[in-house]
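Chain and residue survey
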Amino acid sequence: MNIADLIRSIPDYPKPGVIFRDITTLLQHPAGFRHGVDELAQPFARPGISHVAGLEARGFILGGPVAHQLSVRFAPIRKKRTSPRQTQ
């Protein structure tokens, strides 16, 4: 399965010359989403990995399932002052 075939490309968004990669089409394809998570997790499926860090938005969507698959903690990384509680 080719993951790139499941990701929609939107040319000239948000400005001319930029190609926006829309992963919602991948997320709506159960087998493709599973395959993508498997591919992300596989290189790290070894002892010594304790956390998966996900950066805002897409990192939250993909990082959680990868952490689950690896049976490790998930650490969401957010911009400063976007969380209602104290961060570390």
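As a reminder, the structure under discussion sits directly above these lines.
Below or above, wherever it landed, is the structure these notes cover. Here the structure is a predicted model, which means the values were calculated and not measured.

Quick look at the overall build of the protein
- When its secondary structure is counted, the protein shows 3 helices and 4 strands.
- Along its sequence from the N terminus, the protein presents helices and strands in the succession β-β-α-α-β-α-β.
- Computed over C-alpha atoms, the radius of gyration of the protein comes to 15 Å, more than 25% over the 12 Å expected from 2.2 N^0.38 for 88 residues, which places it beyond the range of a compact globule.
- Expressed along its principal axes, the backbone C-alpha trace of the protein runs to roughly 40 × 35 × 20 Å.
- Out of the 88 residues belonging to the protein, those deemed buried represent 19%.
- Restricting to contacts in the protein with at least 6 residues of sequence separation, those with at least 24 account for 32%.
- Within the structure as shown, the protein displays about 6,900 Å² of accessible surface, and the carbon and sulfur contribution to it stands at 56%.
- Both charge centroids of the protein, one from 12 positive and one from 6 negative side chains, sit 14 Å from each other.

Describing the environment of Phe60
- Summarising the element assignment, Phe60 is placed in helix α3 (residues 58–70).
- Take Phe60: its relative accessible area is 28%, and that puts it in the partly exposed class.

Here we look at the nonpolar core
- In terms of nonpolar packing, the biggest core is built from 7 residues, these being Val37, Ala41, Val52, Val66, Ala67, Leu70 and Val72.
- Breaking this core down by element, the ones donating at least two residues are α2 (30–41) and α3.
- A total of 3 residues in this core trace back to one element, the largest contributor, which is α3.

Structural notes on the environment of Pro16
- By secondary structure assignment, the location of Pro16 is in the loop between β1 (8–11) and β2 (19–22).
- Between the alpha carbons of Pro16 and Ala67 there is a distance of 36 Å; along the sequence they are 51 residues apart.

Re the packing of α2 against α3
- Contact pair α2 / α3: the axes reach a minimum separation of 9 Å and the direction vectors enclose 65°. Here α2 is positioned roughly perpendicular relative to α3, judged by the angle of their axes. α3 is crossed by α2, and the crossing has right-handed handedness. For the pair formed by α2 and α3, the contact residues are Phe33, Arg34, Val37, Asp38, Leu40 and Ala41 on the first element and Ile61, Leu62, Pro65, Val66, Gln69 and Leu70 on the second.

Rules used throughout
- Residues numbered from 1 in each chain as written.
- Predicted model: local features only at pLDDT ≥ 70, side-chain atom pairs only at ≥ 80, totals over all residues.
- Heavy atoms only, no water.
- Helix = DSSP H or I, 4+ residues; strand = E, 2+ residues; numbered from the N terminus.
- Rg over C-alpha atoms; globule rule 2.2 N^0.38 Å.
- Buried < 20%, exposed > 50% of the residue type's maximum accessible area, 1.4 Å probe, protein only.
- Contact = heavy atoms within 4.5 Å.
- Areas by Shrake-Rupley, 256 points an atom, 1.4 Å probe, with all protein chains shown as cover.
- Lys, Arg positive; Asp, Glu negative; His and termini not counted.
- Charge placed at Lys NZ, Arg CZ, Asp CG, Glu CD.
- Core = buried A, V, L, I, M, F, W, Y, C linked by side-chain atoms within 4.5 Å.
- Axes fitted to C-alpha atoms, helices over the stretch in contact; angles between N-to-C directions.
- Parallel < 35°, antiparallel > 145°, perpendicular 65-115°, else oblique.
- Left-handed = near helix turned anticlockwise from the far one by under 90°.

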